[in-house]
Amino acid sequence: MADAEQDDEDYVVEMEGIEKRFGEVVALEDVTLRLRRNEVLAIAGDNGAGKSTLIKCLAGAHRPDAGVIRIDGETVDIDSPRKAKRLGIETTFQDLAVAGNLTVTQNVFLGREEVQGPNTLLGVLDKGAMRERAGELLDDLKINVDVDEKVANLSGGERQLVSISRTLLSDPEIVIMDEPTSALSVEGADRVLELIDRMQDQGISIVLISHNLDHVRRAADRVHVLHQGRSAGVLDGEGVDRDDIVTRMVAGMPESGYGERAANV
Amino acid sequence: MSYRGECFVVSPSTVDTNAIRNRLSVASIGRYGPIVGLVGLYVAFTLLNEQFLTVQNQLNVLQQVSIVGIMAIGVTFPILCAEIDLSIAQVLEVVGVTIATIAVGARFFEGQSVPVALAVLVGLGLGAAFGAVSGYVTARFGVPSFMTTLAMLFLADGLGLIVSGNRPIIGLPSSLTAVGGATVFGLPSLVLVFLSLLILSQVILSYTKFGLYIYAIGGDRQSAERMGINVMAVRLGTLVISAVFAGIAGLVTLGRLGSAVPTMGAGLLLPPIAAVILGGANLFGGSGNMIGTLVGVLILGVLQNGLNLIGVGPSGQLVAQGIVLMLAVLANVVGQN
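Throughout, a residue's number is its position along its own chain's written sequence, starting from 1. Chain letters start at A and ligand numbers start at 1, both assigned in the order the entries are written. Since the coordinates come from a predicted model, pLDDT governs what is reported: local features require at least 70, and pairs of side-chain atoms require 80 or more to be given and counted, while whole-chain, interface and lining totals use all residues.

> Is there a simple way to think about the overall build of chain B in this case?
Starting at the N terminus, helices and strands are each numbered in turn, a helix being any DSSP run of H or I of at least four residues and a strand any DSSP run of E of at least two. Looking only at helices and strands, chain B has 13 helices and two strands in total. Computed over its C-alpha atoms, the radius of gyration of chain B comes to 22 Å, within 12% of the 20 Å expected for a compact globule of 337 residues. Taking the principal axes of the C-alpha coordinates as reference, chain B spans close to 85 × 55 × 35 Å. Burial analysis of chain B (337 residues in total) assigns 50% to the buried set. C-beta atoms are placed from the backbone for every residue, and two residues are taken to be in contact when these atoms lie within 7 Å. Contacts in chain B between residues at least 24 apart in sequence constitute 78% of all its contacts with a sequence separation of at least 6. Throughout, radius of gyration means the C-alpha value; the globule benchmark is 2.2 Å times the number of residues raised to the power 0.38. Buried, partly exposed and exposed are defined by the number of other C-beta atoms within 10 Å of a residue's own C-beta, namely 20 or more, between the two limits, and 12 or fewer respectively, with C-beta atoms placed from the backbone.

> Would you mind going over helix H6 (residues 186-201) of chain A with me for this structure?
For an α-helix the count is 3.6 residues per turn, leaving residues at separations of three or four pointing the same way. Residue and element names in this part refer to chain A. Compared with the 22 Å implied by 1.5 Å per residue over 16 residues, the 23 Å span of H6 between its first and last C-alpha is a close match. Where H6 is concerned, the buried positions are Ala189, Arg191, Val192, Leu193, Leu195, Ile196 and Met199. The secondary structure elements touched by the buried residues of H6 are strand S3 (40-44), helix H5 (156-168), strand S9 (174-178), strand S10 (205-209) and helix H7 (213-219). Where H6 terminates, the next one or two residues include Gly203, which has phi positive at roughly 95°. The span one expects for a helix is its residue count, reduced by one, times 1.5 Å.

> Would you take a moment to explain the sheet that holds strand S6 (residues 89-92) of chain A for this structure?
Sheet strands pair via backbone hydrogen bonds, and the direction of the pair is either parallel or antiparallel. All names here are of chain A. In short, DSSP must find at least two bridges between two strands for them to pair. The six strands lie next to each other as S6-S9-S10-S3-S11-S12, forming an open sheet whose pairing is mixed. Two strands close off the open sheet at either side, each with one partner strand: S6 and strand S12 (230-236). Going from strand to strand, the sheet's axes swing by 20° on average, the running direction of each strand aside. Inspection of the sheet shows S3 paired to strand S11 (residues 222-227) by four bridges, in the parallel sense. Considered in S11, the bridge of Ile43 is made with His224. Between the N-to-C directions of two axes lies an angle of 0 to 180 degrees, each axis being a line fitted to C-alpha atoms and, for a helix, fitted only over the stretch in contact. Against the sheet, H6 engages S3, S9 and S10, with an angle of about 155° to S10. Here helix H8 (residues 242-251) sits on the sheet in contact with S3, S11 and S12, set at roughly 25° to S11.

> Explanation requested: the interface of chain B and chain A in the structure shown.
Frequently, the measure chosen for interface size is the accessible area removed from exposure when the parts meet. The interface is formed by 21 residues belonging to chain B together with 19 residues belonging to chain A. Those elements that place two or more of their residues in the side of chain B that touches chain A are helix H1 (12-48), helix H8 (209-219) and helix H9 (221-226) of chain B. For the side of chain B that touches chain A, the element with the highest residue contribution is H8 of chain B, accounting for six residues. Under the scheme applied here, ten amino acids are nonpolar (Ala, Val, Leu, Ile, Met, Phe, Trp, Tyr, Cys and Pro), four are charged (Asp, Glu, Lys and Arg), and all others, including Gly, are polar. Each residue belonging to the side of chain B that touches chain A can be placed in one class, and the counts come to 11 nonpolar, six polar and four charged.

> Even after reading the chapter, I still don't get the nonpolar core, so can you show me in this structure?
Ala42, Leu58, Leu208 and Val223 of chain A together with Ile70, Met71 and Ala216 of chain B are the most contacted members of the largest nonpolar core, which totals 174 residues. The domain boundaries here were taken from an automatic or database domain assignment. Here this core spans two domains, since at least three of its residues come from each of domain 1 (11-88 + 172-264) and domain 2 (99-156 + 164-170) of chain A. With sequence-adjacent residues up to four places away left out, Ala216 of chain B is seen in contact with Ala99, Leu102 and Leu110 of chain A together with Ala224 and Ile229 of chain B. Note on terminology: a nonpolar core is a set of buried residues of type Ala, Val, Leu, Ile, Met, Phe, Trp, Tyr or Cys, with members joined through C-beta atoms within 7 Å.

> Would you explain the environment of Asn119 of chain A in this entry?
All names here are of chain A. Note that Asn119 resides in the loop between strand S7 (115-116) and strand S8 (124-125). According to the C-beta neighbour criterion, Asn119 is exposed, with 10 such atoms within 10 Å. Sequence separation of Asn119 and Ala66 is 53 residues, and the distance between their C-alpha atoms is 39 Å.

> Explain the confidence of the model for chain A to me, please; I cannot follow it from the model alone.
Close inspection of predicted coordinates is inappropriate for parts of the model with low pLDDT. Residues and elements named next belong to chain A. Scored from 0 to 100, pLDDT reflects the predictor's confidence in each residue. The predicted model of chain A has a mean per-residue pLDDT of 87, with 91% of residues at 70 or higher. Helix H9 (residues 260-264) is the least confidently modelled element of chain A, averaging 40 in pLDDT, while S10 averages 95, the highest of any element. Every residue in residues 256-265 is under pLDDT 50, and counting partners more than four places away or in other chains gives 10 contacts.

> How do you make sense of the sheet that holds strand S2 (residues 25-36) of chain A when you look at a structure like this?
Residue and element names in this part refer to chain A. With respect to topology, four strands assemble into an open sheet ordered S2-S1-S4-S5, the strand pairing being antiparallel. Looking at strand neighbours, the two that pair on one side only are S2 and strand S5 (74-76), the edges of this open sheet. Taking the axes of each pair of neighbouring strands and ignoring which way they run, one obtains an average angle of 25° across the sheet. The sheet contact formed by strand S4 (residues 66-71) and S5 spans three bridges and is antiparallel. Each residue of the ladder has a partner; that of Arg70, found in S5, is Thr75. Running at roughly 120° to strand S1 (residues 11-22), helix H1 (residues 51-59) makes contact with S1, S2 and S4 of the sheet.

Here it is as structure tokens:
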């Protein structure tokens, strides 16, 4: 299968020649990732392939040692998570960042509360406005949970939905999702995958990291495979052959037919 | 997908529903237990003694619980935030004797008396400083507040003895003793101070970002940190509040006693903490409120007052308090899990 990458596309993110080392260990070497506007791009790869390191470079948690990152065609230096957020990049993490003893509304707004008067620690919460806005946000995403419910009383899937909707509060252009389905039941994962579809409908461009190839094939327009810190090809998600992904995950970029490189490694 | 109606399929969703229902009924013990307990005590003592449910006796109860109550409100803040403050009784002492010594111009401050208002400000500032030190070391360096406030306990104790020369300070200005010893509209000022602070504190908890963050951090500090909350400022803030409230308790104690005694905090460390837990606040932070603390304070106060009226002495009262506290923490932990 030919790599599905052409240069006249409208890319919202371009990461070119990214390299990242941790001491002697080379985590990423000359990786190029391009995210098209309004697509879901999955990153697949075995443990240690560099998936997390790559998206952390985009989320501002790591700074690449070499390479260029462009957002909407402009070269940017993403030196902190805060900077990434300013550029319209939000990230959801694998281990749910939610506070169980707080309500859905409180979780959606936590750390970014709307207040009446000066915005200090003693600022007075505008509870009505936040509740209304959280309700609208969840309605738009067809997430059917009570905004006044304590998050601890929700199922794992619902908690993940709340955690994801947190990232959408700031109206981001790009959302990075690190293993959003890995800790969930089948039903929970289903709902998260449906949410990813709806986010795409709303015009958001998404980078999805997942170990689950069924989820990858269902949600992604394209699949970028990483192998030992290097790109192992980009495949069209629709109708992508599962074995093709697995082969590249295990053996890297095929040079002359599958499997040969594996023998050389 | 969930099945509704008359369908008795054992699907994961029906199991979930049952689990939630069971937890709700157990959780309701934790939630309504304290108020049921308090009402039960009222009913029992009303039946056992005709003097118990009189206006005069109820005012007595309020007056008796006010000092412990002010301290309990203060220490509710760190407890909700999954911290603890063990220094409150000694901060009460050191602030009380400092205010008295400066206002009178005695002992350590011999011949240097200052206006009462300034003395009060200096005293409460000293209290805040104790909270700030333990709060900073806890929030900045991760030393458990159990240890930092224990250190403050010794420090405040020693400083109180130095300032007062280990002797009572008498002859306090009447404007100073009025704060805790006057009567306003037929109510002891002590009680008014207690109830005002209670309302103020509940407003802070319910309506400010600071209050919300206390719950968020008490529930899961790491999550709160990752969600962008200034965890350090909030943890420090709760210990400062607790120390200032202990200081205010010291101030009103001057009015209650009419003098400052270097040992006036004796036995006042644990009742406030017990009251907070009796009121249903989670032992490990994240849930509880000031109404609960009020209920807890009243349970302790009513128990003592009622037992007194029916002729049970101090030793019997301690036994009863121990039993009630054991039942309460049992309900608390069972209710939370």
